[in-house]
Structures are given as C-alpha cells and as structure tokens.
Amino acid sequence: MSEAVLAPSPRVLAVSARGLARRHTGRWALRGVDLDVAVGDSLLVLGANGSGKTTLIRLLGTALTPSAGTLKLFGGDAEAARPRVGMVSHADHHYDDLSARENLLVGASLSPRPGSSVDAALAAVGLDSRANDIVRTFSAGMRKRLSFARLLWKKPELVLLDEPYAGLDPAGGRFVDQLVRDLRAAGSTVVFSTHQVERGAALCDEAVLLEAGRVKWRGNAADALEHAGGPQE
Amino acid sequence: MELIYQCANVLRKDLLQQWRARSRLVAVGVFGLTTLLLFSFANGPDTVMLRANAAGYLWLALLLCSTLSLAESFRVEMQNGALEGLLLLPTDPRAIYYGKAIANLLVLAGLGVALIPVMVALYDVSIPMGVPHLVGVITLGSAGLVAPGTLYAALSARARQRRAATPPALSTGGPGAPVVGQGHLARALRGSDAPDLELARPPHRVQRHLLEPVRPALRPRGGGLTR
C-alpha cells in the first residue's frame, strides 16, 4: 500500500515505483505498490505463494509491462535500463540444445554492454568442467548455477533474484549467500524474494511483505521474521 | 550496423540449434517426402497430370513443412523463456525477427532443394532451365513463405495451443508466395514455353462447379425479365 513508502532518500534511486499494478486473466496479481530502493541497497521480498512476489520481480526486470502505475529504474525509463539489470527467475532463459559456454556466448554476442569473461563466470559458479556439455543434460541445480553465471558475466547494477535457493543443494545455497554479499560489496542493488526469511533477512537491509498483491508491511529486514509469520521452509 | 551484427549472431545461434537438433529437421524432411509421395498416389498413374501439377505439389509440400519448421523455431525460444532472455539483454526485436527468418529460409529452401530429386523421380519431370534457376525460384518462393510465416509463428508462439494456431495463421498469408511462384517453378520444370499459371481460372472453375447447378433455380420462371 502507498503508506508503506519510506521517507524520501537523498540518494539516487535504483527502483522507483508508484501505484505499480499487474492484472493476469482478470485478476489483480499486484496492486498499488509504491516502492523505492536506493542504489546499493538491498530489499527482501516476502510473502506466501501467490502473493505477487514473482510478478513484482518480473515487473522490476521489465519482463512484464505494468497494467497501471509507473516504474523508473535509475531515475529513467525502465526499458532503457535493461542493460543495467540482471534477473534470475523461474524461467532460466537457457537454450537446451546449446552448451553452457555457448549459452553465455549468445548473451555476450548480443549484449550492447561488454561483460566479464564467459569462462571466468562459469568457473565462479563451478561449471567450468561442464562448460562444453549440452544444457539439456544439466540438473535443476546446475541450470540455476548457469543462470548465476549469466548474472556474473553481465555485472548488473540492479540484481533481481526470484527464489534463488529453489533447486539448490546446501552448498548451492551458501554460494547464493556469498554471491549476494559479493554483489552488494561491488555496489549492486539487490532485490530478492525467498521463503527462507531468516536467511534473506541476514543478507538484506530492508524487507517488504506482500499479501494478495498488496504491500502489507515494510521495514527493517531484521524485523521481517516477526511480520512474516515465523520461520518458513 | 549494430542491427546487422545482432542479426548475424541470432542467425548463427539458430543454425547451431538446428544442427544440434537435426533429428527434428529430418522429421520435417520425411514429412515433405511423404507429402510428395501421397500426391503421386492420389493422382494415380497419369504421368501427364503428375508432370503438369508437379510444381504445385512441391509448393504444397513446402507450405505444409513450413507449418512444422516455423512453429518449431519459436518453440525452442519459448521453452525456458529464452526469447524473454534475449529481449532483456536487450536485443533489438528486429534482429531476432530477421535472424530467425533467414535461418528458417535456409532450412526451407534447403528442404525444397532436397526434394527436387524426389520430385523428378516420382513425377517424371525434367529440368530444362537448369538446376540453378530452379534453386533460385525455390529460394525466392521460400522467402515469400518464411517472411509472413516467421511473424505468424512469433505471434502464435504465446498462444496456449500454438501447434494448432500456426497453420491457420500461416494459411491466411503464406500461400501467396507459392501461388505466385508456381508459374515460375512450372516453367523451370517444363521449359520456357510452358504457360503461366492462370490465376483467374481456379475461381472460374469454382464458380462453374458451385454456381452452375444453382443458376436455373435463380432464373426467373418463363424466360425471366423478357416475358
């Protein structure tokens, strides 16, 4: 809800949303969301299944067009900011018939902004030994790691992670924790949704709780556990 | 320049994917071959009729094959949200269209060329104007099929029943190229003295068959207006 907006910050806003709404097949998946995230900050998005977390992340990533409201990224047009945004979502954006390396090279060859080394990104997520294997042969966890490799290659200023722990083993979960810390240390703005409240709260400054597509609560991430209804998963 | 560079990269990616999944290409080729075979069975042993209609049968086979290959080219893009990934890079949508259309053209024209020997064997046609001329006509006709076909495949890719949506969408604009190309292909197969396809004839035939039986019923009794 609009009253959830924090006090205006003198810092540059990476995300500025006003009255953001999205309608799916006659039902409002997200309604009236006002959101400000300053550059370098991190925001944890919480909520039950179907509360609108994925819709919010996809709207911020410009993968969806808002049905109502306005969205500005880095103070300008959201779509113009696409090269500065990286997103890891349920849809992993991989081509099954290409190898891990070829998948990253496709992105590298089409991106208007130069990224880091493809091989270095694959090595960082532990996929260097499987770089030339076809993605079809990968497990769900390995596919997720490849998504992170794409993120590391792109070096985005705004990182959107939609349930990044899903499908990962404990080592993969620790990798995500470290990834978020590293991205934040590098100055990236991070917005991520998860059901693992404690884990997410330890990594983020602020949290927002969604319920039925509306912002129910927003505050310090440290207080998230209290408002999100105890430990989940 | 950026558009051409991106277009070339989409084309390279698409051709690599087609090569990796060549079993699907083989399936499309077998479908085209079966279609040509079925037309020869449907016509019976009348070789004159087969020769006369050979060009039309090849275009029909290519049109039917294109409904499979075009839908497939966007199925792989939709599978894991890969197309969304391309757009979020961001890639120019025009580069995606041109890259995919050129890849589809190469596949369809290649299929058309591969079907020439089959057509020669089944329909007993000769190629008096030479194979390069025939390949040129097939390539141009395929381009006419692929240009709207890629657009329709992109539009129907998001449809829930995309396999059912592409053929009807293609049938609204796709046959234009084969209808125009049929005359050129017929001349390439039968020589330059072969008549062009008379575009006006099929409607007249339809009119004759459909309207002639009804015409007496429409005439006023006792000689009509002159009574």
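Just above sits the structure.
A few points on the structure. Predicted model only: the values in this text are computed from it and were never measured. For every chain, the first residue of its written sequence is number 1, and the numbers climb from 1 along that sequence. Chains and ligands are labelled by the order in which they are written, letters from A for the one and numbers from 1 for the other. In keeping with the model being predicted, local features are shown solely for residues with a pLDDT of at least 70 and side-chain atom pairs are shown and tallied solely at 80 or more, while totals for entire chains, interfaces and linings include all residues. Water and hydrogen atoms were dropped before computing side-chain values, which therefore reflect all heavy atoms in the structure.

### Observations regarding the pairing of strand 4 (residues 68-73) of chain A
All names here are of chain A. Strand pairing is defined by DSSP finding a minimum of two bridges between the two strands. Here a strand is any run of E in DSSP of at least two residues, a helix any run of H or I of at least four, and the numbering for each starts at the N terminus. Where strand 1 (residues 13-24) and strand 4 come together, 5 bridges link them in antiparallel fashion. Across the sheet, residue Ala 21 finds its bridge partner in strand 4, namely Ala 68. In terms of strand pairing, strand 4 meets strand 5 (residues 76-77) through 2 bridges, oriented antiparallel. Opposite Lys 72, over in strand 5, you have Asp 77 as the bridge partner.

### Here we look at the interface of chain B and chain A
Contacts between chain B and chain A engage 25 residues on the former and 27 residues on the latter. By definition, a salt bridge exists where a carboxyl oxygen of Asp or Glu is found within 4 Å of a side-chain nitrogen of Lys or Arg. Seen at the junction of chain B and chain A, the total is 3 salt bridges. Residue Asp 97 of chain A pairs with Arg 24 of chain B through a salt bridge whose shortest N-O separation is 3.0 Å. Any N or O atom pair separated by 3.5 Å or less is treated as a polar contact, with the protein-specific requirement of one donor-capable and one acceptor-capable atom, and with residues adjacent in sequence counted only for side-chain atom pairs. The tally of links between chain B and chain A comes to 14 residue pairs in polar contact (both at pLDDT 80 or more). Taken together, the elements giving at least two residues each to the side of chain B that touches chain A come down to helix 1 (2-20), helix 3 (47-78) and helix 4 (82-87) of chain B. In terms of residue count, the dominant contributor to the side of chain B that touches chain A is helix 1 of chain B (9 residues). Residues were grouped as follows: Ala, Val, Leu, Ile, Met, Phe, Trp, Tyr, Cys and Pro as nonpolar; Asp, Glu, Lys and Arg as charged; and all remaining residues, including Gly, as polar. Of the residues that constitute the side of chain B that touches chain A, the class distribution is 11 nonpolar, 8 polar and 6 charged. The contact criterion used is simple: two residues touch if any of their non-hydrogen atoms lie within 4.5 Å.

### Structural notes on unusual backbone geometry
Excluding glycine, residues mostly carry a negative phi; peptide bonds, for their part, are mostly trans. Look at the link from Leu 89 of chain B to Pro 90 of chain B: it is a cis peptide, with omega at 5 degrees. Mapped onto the elements, Pro 90 of chain B comes out in the loop between helix 4 and helix 5 (93-123). At Thr 25 of chain A, a position not held by glycine, the phi torsion is positive, near 40 degrees. Here Thr 25 of chain A shows up in the loop between strand 1 and strand 2 (27-38). Note on Thr 25 of chain A: relative accessible area 82%, which makes it exposed. At Lys 155 of chain A, a residue that is not glycine, the phi angle is positive and equals roughly 50 degrees. Throughout this description, buried means an accessible area under 20% of the type-specific maximum (1.4 Å probe, protein chains only), exposed means over 50%, and partly exposed covers the range between.

### Description of the packing of aromatic side chains
To describe a pair of aromatic rings, one takes the distance between the centres and the angle between the planes. Residues and elements named next belong to chain A. Between the rings of Phe, Tyr and Trp (Trp by its six-membered ring), a pair exists once the centres lie within 6.5 Å; its type follows the angle of the planes, with under 30 degrees stacked, over 60 edge-to-face, and the other angles tilted. In total, this model carries 5 aromatic pairs over all chains according to the counting rule given. Where Tyr 165 meets Phe 192, the ring centres are 6.4 Å apart and the plane angle is 70 degrees; that geometry is what we call edge-to-face. Of the two residues, Tyr 165 sits in the loop between strand 7 (158-162) and helix 5 (170-185) while Phe 192 sits in strand 8 (residues 189-193), which places them 27 residues apart along the sequence. Across this residue pair, the class does not change: Tyr 165 and Phe 192 are buried.

### Some thoughts on the sheet that holds strand 1 of chain A
Remark on secondary structure: sheet strands pair via backbone hydrogen bonds, oriented parallel or antiparallel. Overall, antiparallel pairing links the 4 strands, which are arranged 2-1-4-5 (chain A) in an open sheet. On the outer flanks of this sheet lie strand 2 and strand 5 of chain A, each paired with one strand and no other.

### So, helix 4 (residues 140-154) of chain A
In this scheme, a helix's expected span is set at 1.5 Å multiplied by one less than its residue total. Over its 15 residues, helix 4 of chain A extends 21 Å from the first C-alpha to the last, a length consistent with the 21 Å expected when each residue adds 1.5 Å. Downstream of helix 4 of chain A by a residue or two, Lys 155 of chain A has a phi angle that is positive, lying close to 50 degrees.

### Some points on the nonpolar core
Residue and element names in this part refer to chain A. Definition used in this section: a nonpolar core is a set of buried Ala, Val, Leu, Ile, Met, Phe, Trp, Tyr and Cys residues joined via side-chain atoms within 4.5 Å. One finds Leu 46, Leu 122, Leu 146, Phe 148, Leu 151, Leu 161 and Phe 192 to be the most contacted residues of the largest nonpolar core, which totals 40 residues. Once residues lying within four places of it in the same chain are set aside, the contact partners of Leu 161 are Ile 57, Val 88, Phe 148, Leu 151, Val 180, Val 190, Val 191, Phe 192 and Ser 193. Listed in part, the 30 residues of the second largest apolar core include Ala 17, Leu 43, Ile 57 and Val 208.

### Details of helix 6 (residues 131-157) of chain B
What the bend at a residue measures is the angle between two axes, fitted to the seven residues ending there and to the seven starting there. Maximum bend of helix 6 of chain B: about 25 degrees, positioned at Gly 149 of chain B. Of all the residues in helix 6 of chain B, the buried ones are Leu 134, Val 137, Ile 138, Gly 141, Ser 142, Leu 145, Val 146, Gly 149, Thr 150, Ala 153, Ser 156 and Ala 157 of chain B.

### Details of empty space enclosed by the protein
Residue and element names in this part refer to chain A. Note on definitions: the grid is 1 Å and covers protein atoms alone; a cavity is a set of points where a 1.4 Å probe fits but cannot get out; a pocket is an open set with protein on both sides within 12 Å along at least five of seven lines; lining residues have an atom within 4 Å of a point. Grid points are joined across faces, edges and corners, and a volume is the space filled by probe spheres set on the points. In this structure the tally under the stated criterion is 4 cavities of 30 Å³ or more. In this structure, the largest cavity spans a volume of roughly 250 Å³. In terms of lining residues, the largest cavity is bounded by 18 residues, among which Gly 86, Met 87, His 93, Arg 150 and Lys 154 are the most central. Secondary-structure elements contributing two or more residues to the lining of the largest cavity are strand 6 (85-88) and helix 4. Per-class residue counts for the lining of the largest cavity are 7 nonpolar, 7 polar and 4 charged.

### Details of the pattern of salt bridges
Within this structure, the stated rule accounts for 23 salt bridges over all chains. For Glu 84 of chain B, the salt bridge identified is with Arg 58 of chain A, shortest N-O distance 2.7 Å. Separated into two different chains, Glu 84 of chain B in helix 4 and Arg 58 of chain A in helix 1 (residues 53-60) make up a pair that spans both. Comparing Glu 84 of chain B with Arg 58 of chain A shows no difference in burial state: the two are buried. Ionic pairing is found between Asp 133 of chain A and Arg 130 of chain A, a salt bridge with its closest N-O pair at 2.3 Å. Given the relative accessible area of 28%, Asp 133 of chain A is considered partly exposed. According to the relative accessible area criterion, Arg 130 of chain A is partly exposed, its value standing at 27%. Taken together, the shared-partner salt bridges connect Asp 97 and Arg 136 of chain A together with Arg 24, Glu 72 and Arg 75 of chain B into one network.

### Description of the sheet that holds strand 8 of chain A
Residue and element names in this part refer to chain A. What the 6 strands build is an open sheet, ordered 6-7-8-3-9-10; its pairing is mixed. Among the strands making up the open sheet, the edge pair consists of strand 6 and strand 10 (214-220). On average, adjacent strands in this sheet sit at an angle of 15 degrees to one another, irrespective of strand direction. Across 5 bridges, the pairing between strand 3 (residues 42-47) and strand 9 (residues 206-211) is parallel. Helix axes use the C-alpha atoms of the stretch in contact, all axes being lines fitted to C-alpha atoms, and the angles between their N-to-C directions lie in the range 0 to 180 degrees.

These values are about where atoms sit, not about what they do.
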